[in-house]
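The lines below spell out each chain.
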Amino acid sequence: MLKLIKLEYKKNNIKKYIRIAVIMAIILCLFIFALAFLGIANDPDGTLDAASGTDVISAPIELFTSMTFLIFTSVMLASFIISAYKDKTMNLMFTYPIKRQKIQASQMIAVWLFNFIALVLTKLAIYMCIFIGAKFMQSSFMVDFNIGSLFFYVQLLLKAVSIVTMSFIALFVGMAFKSSKAAIITSFLLILLTQANVGDLTMAGNTIFPVVLTVVSLVFAVLSIYNVEKKDF
Amino acid sequence: MSYILQTDHLGKIIDGKEIVTDVNIHITKGEIYGFLGPNGAGKTSVMKMITNLWKPTNGRVSLFGKTLETTSYEVFKRMGSIIEFPTFYEHLSGKDNLQFHCEYMGYYNKGSVMEALEMLNLIDSADKPVKNYSLGMKQRLGIARAILCRPELVILDEPTNGLDPAGMKQIRDLFKMLCTEYGMTLMISSHLLSEIESIANTIGVINQGKMMKEIAIEEIAETNTFYVELVVEDMKRAAFVLAENMHLSNFKIIGDSTIRIYEQGVATQKVSKELMLNDVAILSITQHTESLEDYFLKMTQGV
C-alpha cells in the first residue's frame, strides 16, 4: 500500500502540489496576520467588524484554512482519481495484478494524507504567527488559543481530519457524475453547509455536526470503492 | 489439448443489447492468433473480458488453464495488453511511463525499459513527454509497454493503428520475433486481414458479436477454392472435351462462354493443349485462387 501511495505521488507530480500548498499557506498566513494586526477587518473607527462569536482569532483561521483545503483536497481528488477515469489511465491501472479497491484506496489515502499534513502545518504556522505577533502588537481579534495546552493540538488535529475527510463526499459526487467540476462544486456546497451562517443560524460552532459529517464522509469513501471490483470499465 | 487462452460461450449483454454472443476462442501456446472482424464486431469487447476490465454476462474465460474470476489478479503478471488504444500519463516521458509499468507489474529487470524502447525505435524520444508523441509513436510505446515485462500472453487490440506501411512491416517482424525467440503467445485484433495473414497461425473471425469461424491459416489454404477460368467460343464442345477427354467432372458453366474448373491440380497448359487439339478456340484462360481477403469478406458479409 505504501508503495502504491508513493507511486501515486510520483506519477501525479506531487512537487507541483507542494508548491501550491506552500504558496496558499503563505497567503493565508499574511491574510490572517493582516486581519489580526493591520486592522483590515476593522470599521473606520477602529472597532472590529465581526459578528458576535466570530470576534475571536480562531474563527477566521478555521474558516479560511478549512475553506481553502476542502477545495484543494477536492481538486486533488478530482485530478488523481476522476481524471484518471476520464482519460482511461484507470483502465490501464486495472490491468495490473493489483486489487482495484486497493488501487483506488491508495489514491484516496495519498490525497487525504497530503492534505491532512498540509492543513495541520498551515494551521500551526498561522497560529504561531499570531502567537508571536500578539507578543508585540495589539490584535483586533481576541486571541483565544493557548499553544501550550494539549487540547489545542488535539482539537487542531481532529478538525483537520474532519475537513479533509469531508472531501470524500465531493469525490463521490464527482465520480457519480464522472465530472471533476461536480466534485469541486460539491466542495463549495460543503463549505456553505459547514461554515456559512444564515442570520444567527450556523453549523460552524456545532460540535456534533462535524462528527456526523465525518462519519457520513467515511461512508461515502467506502461507497466510492465498494463497487469498483465488479464494474465494467 | 490445453490452451493458454480459451473462452467458452462468452457473452456480454449491456442494457439488454447483446454485444457479444457465444464466442469460443482457443489459443495455443506460442502461436499468433489473428482476431479478425470489421469495425464494431465486438473485438474490443471480447478483449476487455479477457483482461477482466469487463465481466462476462455469460460463459467464461480461461487463462493458463484457470478460469478467470472477478477477483483474479495474479494472472495479469503473465500478460501484457493494449485495449482500445494505449493510454499514458501524458505529462510523463515515454521512459517514465514504462518505468511505472514495471513498478506496478512488480517486474524489476534492469535494462528492460531501454531494451523495449530500442525494439520499437523510441530511444530518441525516450525522454520526451508522451503528449508530444505522434499517434504512431504512442502506438509503438503501447506495444513496448505490453511486451516490457516479458509476458507469456500478449493481447493487442489493433496494434498497428496509426502506423505507416514501413512501421507496420517492422512491427509484424517484431511480433514474429517475439513469438519465435521469446516464446510469447500473441492475440492480435485487426479489421484488416492483410495485416495479419502473413504472421498469424490461427485466425478467428468475429462479426456482429458472433464467432464466425476459427481456423488455422494452413487449413484456409487447403479449403480455399482454386479454379481455372476459361473463356471459349464453343462452350458445348469445350465442356465435352473436358468431361470426355480429360475426365474432369468438377467444373461449372457460367453464362454462354465461361467455364470454371474447380478440380485441384489442373494445369492450365494441359487444358489449353487439350482444347486446341480438339479445335476449341480459347479466348482466355486464367488461374484464380480465392484469397484470404475474399474468404474473410465472405465470412463477414455472408450474414
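Residues numbered from 1 in each chain as written. Chains lettered and ligands numbered in written order. Predicted model: local features only at pLDDT ≥ 70, side-chain atom pairs only at ≥ 80, totals over all residues.

K.L.:
Explain the overall build of chain B to me, please; I cannot follow it from the model alone.
P.N.:
Secondary structure summary: chain B contains 10 helices and 14 strands in total. Computed over the C-alpha atoms, the radius of gyration of chain B is 25 Å, more than 25% above the 19 Å expected from 2.2 N^0.38 for a compact globule of 303 residues. With the C-alpha coordinates of chain B rotated into their principal frame, the extents come out at 80 × 45 × 35 Å. Classification of the 303 residues of chain B by burial places 40% in the buried group. A sequence separation of at least 24 residues applies to 68% of the contacts in chain B between residues at least 6 apart. (Helix = DSSP H or I, 4+ residues; strand = E, 2+ residues; numbered from the N terminus. Rg over C-alpha atoms; globule rule 2.2 N^0.38 Å. Buried ≥ 20, exposed ≤ 12 C-beta atoms within 10 Å, placed from the backbone. Contact = placed C-beta atoms within 7 Å.)

K.L.:
Would you mind showing me how to read the overall build of chain A here?
P.N.:
What chain A contains, in helices and strands, is 8 helices and 2 strands. When the helices and strands of chain A are placed in sequence order, the string is α-α-α-α-α-α-α-β-β-α. Expected size for 233 residues packed as a compact globule is a radius of gyration near 17 Å; at 19 Å, chain A falls within 12% of this value. Principal-axis analysis of the C-alpha atoms gives chain A an extent of 65 × 35 × 30 Å. The burial tally for chain A puts 36% of its 233 residues in the buried class. For chain A, long-range pairs separated by at least 24 residues make up 80% of all intrachain contacts whose partners lie at least 6 apart in sequence.

K.L.:
Honestly, the pairing of strand β9 (residues 202–207) of chain B in this entry has me stumped. Any pointers?
P.N.:
Successive side chains on a regular strand alternate, one facing one side of the sheet and the next facing the other. All names here are of chain B. Counting buried residues along β9, 6 of its 6 residues qualify, which places the element largely inside the surrounding structure. Covered by surrounding structure in β9 are Thr202, Gly204 and Ile206 together with Ile203, Val205 and Asn207, the residues of both alternating faces. Bridging between strand β3 (residues 32–36) and β9 involves 4 bridges; their strand directions are parallel. Note on β9: the bridge partner recorded for Phe35 is Gly204. The pairing of β9 with strand β10 (residues 210–216) spans 6 bridges and is antiparallel. Along β10, the bridge assignment pairs Asn207 with Lys210. Turn length for the β9-β10 hairpin, with the two strands adjacent in sequence and antiparallel, is 2 residues, and the turn residue Gln208 shows positive phi of about 50 degrees. (Pairing = 2+ DSSP bridges.)

K.L.:
Quick question: what am I supposed to make of the interface of chain A and chain B here?
P.N.:
Interfaces are frequently sized by the accessible area removed from exposure as the parts join. In this assembly, 18 residues from chain A lie in contact with 20 residues from chain B. Elements with a contribution of two residues or more to the side of chain A that touches chain B: α1 (2–11) and α4 (89–93) of chain A. No other element matches the 3 residues that α4(A) contributes to the side of chain A that touches chain B. For the side of chain A that touches chain B, a count of residues per class yields 7 nonpolar, 4 polar and 7 charged. (Nonpolar A, V, L, I, M, F, W, Y, C, P; charged D, E, K, R; others polar.)

K.L.:
Is there a simple way to think about the confidence of the model for chain B in this case?
P.N.:
Detailed reading of the predicted model is not advised wherever pLDDT is low. Residues of chain B with pLDDT of at least 70 account for 96%, and the chain-wide mean is 88. Scoring of the predicted complex yields 0.83 for pTM and 0.84 for ipTM. (pLDDT = per-residue confidence, 0-100.)

K.L.:
Looking at this structure, how should I read the sheet that holds strand β11 (residues 226–232) of chain B?
P.N.:
Across a sheet, paired strands are connected by hydrogen bonds in the backbone, their directions being either parallel or antiparallel. All names here are of chain B. With respect to topology, 4 strands assemble into an open sheet ordered β12-β13-β11-β14, the strand pairing being antiparallel. Each edge of the open sheet is held by one strand with a lone partner, namely β12 (251–254) and β14 (282–289). Put simply, the sheet's adjacent strands are angled 20 degrees from each other on average, direction ignored. Relative to strand β13 (residues 258–261), β11 is paired through 4 bridges, and the arrangement is antiparallel. (Axes fitted to C-alpha atoms, helices over the stretch in contact; angles between N-to-C directions.)

K.L.:
For this particular structure, what's the right way to read the packing of helix α3 (residues 58–86) of chain A against helix α5 (residues 100–136) of chain A?
P.N.:
For any two helices packed against each other, the geometry is given by the interaxial angle and the distance between the axes. All names here are of chain A. For the pair α3 and α5, interaxial distance at closest approach is 10 Å and the crossing angle is 155 degrees. Considering their axes alone, α3 and α5 lie roughly antiparallel with respect to each other. Pair α3 / α5 crosses with right-handed handedness. Where α3 abuts α5, its residues Ile61, Thr65, Phe69, Phe72, Thr73, Met76, Leu77, Phe80 and Ile81 lie against Gln104, Gln107, Ala110, Val111, Asn115, Ala118, Leu119, Thr122, Lys123, Ile126 and Tyr127. Here the contact of α3 with α5 is composed, by residue class, of 13 nonpolar, 6 polar and 1 charged. (Parallel < 35°, antiparallel > 145°, perpendicular 65-115°, else oblique. Left-handed = near helix turned anticlockwise from the far one by under 90°.)

K.L.:
Where do I start with the domain arrangement of chain B in this structure?
P.N.:
Once the domains are mapped, chain B shows domain 1 (5–217) and domain 2 (224–295). Just the C-alpha atoms count here: the centres of domain 1 of chain B and domain 2 of chain B sit 45 Å apart. (Domains from an automatic or database assignment.)

K.L.:
Honestly, the nonpolar core in this entry has me stumped. Any pointers?
P.N.:
In a soluble, globular protein the nonpolar side chains are often hidden away together inside. With 119 residues, the main nonpolar core has A:Leu77, B:Ala144, B:Leu156, B:Leu186 and B:Met187 as its most contacted residues. Beyond its immediate sequence surroundings of up to four residues, B:Ala144 is in contact with B:Leu98, B:Ala116, B:Leu117, B:Met119, B:Leu120 and B:Leu122. Counting residues in each nonpolar core, the second largest holds 13 residues, with B:Leu230, B:Leu242, B:Ile261 and B:Val271 among its members. (Core = buried A, V, L, I, M, F, W, Y, C linked by C-beta atoms within 7 Å.)

K.L.:
What's the story with unusual backbone geometry in this structure? I'm lost.
P.N.:
Leaving glycine aside, a negative phi is the common case for residues, and trans is the common case for peptide bonds. Residues and elements named next belong to chain A. One non-glycine residue, Asn13, adopts positive backbone phi at about 55 degrees. In this structure, Asn13 sits in the loop between α1 and α2 (14–37). If you check the backbone angles, Lys178 has positive phi at about 50 degrees while not being a glycine. Within the element layout of this structure, Lys178 appears in the loop between α6 (150–176) and α7 (180–195).

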